[in-house]
Amino acid sequence: MKKFIFIFLLFFVKNIYSQNLKIGILNNLELDNFKVELLRGSYDVFADGKMIFEMRRNLQLSAKIYEDKIILYTKYKILGKFDTIYIKKKQNILRKLLFLKNFLKISLKNNFQKNRTYDDNLIFYLKNNKFVLINEIGFMNYIAGVVESESGSKCEFEYYKAQAILCQTYLLRNKNKHKKDDFNMCDGVHCQAYKGKNLNNKKIYKASRKFKKYIVVDEKNKFIDAVFYANCGGETCRAEDVWSNKISYLKPVKDTFCIHTRQAKWNKIISFKDWKNFLFEKVIPINDSIDKEKLNFKQKDSLLFSYFLPKKYPTNSIELLNEKQKDSLLFENSFFEQKNRRKNFEFFEEKIKLTNIRYFFKLRSTFFEIKNIENSLHFQGRGYGHGVGFCQEGAMEMAKKGFKYKEIIKFYYKDVNLKKNRNIEFKN
Ligand SMILES: [Zn+2]
Ligand SMILES: [Zn+2]
């Protein structure tokens, strides 16, 4: 009887771990056609709620748009014009018990590098005359896909455990991020990178299965914001230095594990002209009486000089300088050191947020120094990513050195706890 109850619970307790997630996939590509094929398992195709087709191996199903409708066809016949397509794996208890997978491949015309394989089901419909694709997927399959997409397939098991726990904590906290789009998460870095099925390392799936119920909570027992990025460059950032709010567990951590790894260092040269353009566009406050667009170079320069130079030099001494000399002062003052992480670049007593410089010049991180050499600024940077929370390359090194997943997580997030998450209700 006990055994029966256990099996009953295993199959019928509806919680997040047995429900499907909806992940928006490939939507940034704004697709107007693609092909789907069955790689493993068995699937039925439902169009506008009716079963219309049984998928077969080696038979591609093509979808394209014609007059606000989806045309679905195979090599041999046109299946019809529809609004919504649902490609659903067939319920098969035996396959489920044996943990056999069902997965599909999506191929994109002229974009072969983006061909992807997805576990479980696929839904698609049209919005603004482009396809909206949704991968309806089981919790563990999704986490395994994210862990591989985020960290590759060559890491230690302890690292995968840590990354899986963080990915699921992030998911549980952000599961409504795309509510308006009718799915839970997107597949880009806006949520968590998800390039489809975990294909190349069975340890990842094992880590996801074994630790599927573990989550990280803060001192108040709430899911942490499990943010991560590639490399901190030797020191992680305070949350409030990057975003606006202070978060107790996202504090600076000195990290010597990542300083010799792949993304530890970067360099970029920015011309003085581009640098002045940044100062002009992003630092000088907007004044309604001046139309920034209409100014010529000379006018822009004089606006820069009159805004910055008086902050450091007495006005009467500036007046004695010619344009070239004033320009040199701007250039000389662009020198910047950052031994430990700072929030701002102090330029003529003006505080410029490092994140603003990073976004404007698409820099890999805010952990950079600037040397001014021959009319250009040489940025010498460390790390890759926003720098708040879990440093993936540092964590990979920790796992190589024998640290356990709990130690790794607690190294990057302060005063957090790992907890077994029992039976969380999850509503799409
Ligand atoms: Zn997103
Ligand atoms: Zn690091």
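Along each chain, residue indices are assigned from 1 in the same order as the chain's sequence is written. For this description, chains carry letters from A and ligands carry numbers from 1, given in the order in which they are written. Only residues with pLDDT of 70 or above have their local features reported here, since the model is predicted, and side-chain atom pairs are shown and tallied only from 80 upward, although totals for entire chains, interfaces and linings are computed over all residues.

**Re the overall build of the protein chain**
Working step 1: Regarding its fold elements, the protein chain presents 13 helices and 22 strands.
Working step 2: With the C-alpha coordinates of the protein chain rotated into their principal frame, the extents come out at 90 × 55 × 35 Å.
Working step 3: The buried share of the protein chain, taken over its 428 residues, is 34%.
Working step 4: By the criterion used throughout, residues are in contact when their C-beta atoms, derived from the backbone, lie within 7 Å. Contacts in the protein chain between residues far apart in sequence, at least 24 positions, make up 67% of those at least 6 positions apart. What counts as a helix is a DSSP run of H or I of at least four residues, what counts as a strand is a run of E of at least two, and both are numbered from the N terminus. Partly exposed residues are those whose C-beta has more than 12 but fewer than 20 other C-beta atoms within 10 Å; 20 or more makes a residue buried and 12 or fewer makes it exposed, with C-beta atoms placed from the backbone.

**A closer look at the sheet that holds strand β7 (residues 78–82)**
Working step 1: In spatial order, the strands read β7-β6-β5-β2-β9-β10; together these 6 strands make up an open sheet with antiparallel pairing. Each end of this open sheet is capped by a strand with a single partner; those strands are β7 and β10 (116–119). Neighbouring strand axes in the sheet, compared pairwise and without regard to direction, differ in orientation by 25 degrees on average.
Working step 2: In terms of strand pairing, strand β2 (residues 33–40) meets strand β5 (residues 61–66) through 4 bridges, oriented antiparallel. By the bridge assignment for β5, lysine 35 is matched with serine 62. Should DSSP find at least two bridges between two strands, the strands are regarded as paired. Here an axis means a line fitted to C-alpha atoms, over the contact stretch when the element is a helix, while the angle between two N-to-C directions is reported on a 0 to 180 degree scale.

**Here's the deal with the environment of serine 107**
Working step 1: Tracing the sequence through the fold places serine 107 in strand β9 (residues 103–107).
Working step 2: Note: C-alpha distance between serine 107 and aspartate 291 (184 residues apart in sequence) is 49 Å.
Working step 3: Setting aside chain neighbours within four positions, we find serine 107 in contact with Phe34, Lys35 and Asn115.

**Structural notes on the nonpolar core**
Working step 1: One nonpolar core equals one set of buried Ala, Val, Leu, Ile, Met, Phe, Trp, Tyr and Cys residues connected by C-beta atoms within 7 Å. By size, the foremost hydrophobic cluster in this structure holds 82 residues, and its most contacted members are Ile23, Ile143, Val147, Ile165, Leu166 and Ala395.
Working step 2: When residues in this core are grouped by element, the largest group, 9 residues, is from helix α4 (residues 157–174).

**What about the packing of helix α8 (residues 297–308) against helix α10 (residues 323–332)?**
Working step 1: Contact geometry of α8 with α10 gives a least axis separation of 10 Å together with a crossing angle of 60 degrees. It follows from the interaxial angle that α8 and α10 lie oblique. For the crossing formed where α8 meets α10, the hand is left-handed. Contact residues: α8 offers Asp301, Leu304, Phe305 and Phe308, while α10 offers Glu323, Lys326, Asp327 and Leu330.
Working step 2: Its residues assigned to classes, the contact of α8 with α10 comprises 4 nonpolar, no polar and 4 charged. Any angle that falls under 35 degrees is termed roughly parallel, while one over 145 is termed roughly antiparallel, one within 65 to 115 roughly perpendicular, and all others oblique. Helix crossings get a hand from a simple test, with the near helix turned counterclockwise from the far one by less than a right angle marking a left-handed crossing and a clockwise turn marking a right-handed one. Charged means Asp, Glu, Lys or Arg here, nonpolar means Ala, Val, Leu, Ile, Met, Phe, Trp, Tyr, Cys or Pro, and polar covers whatever is left, Gly included.

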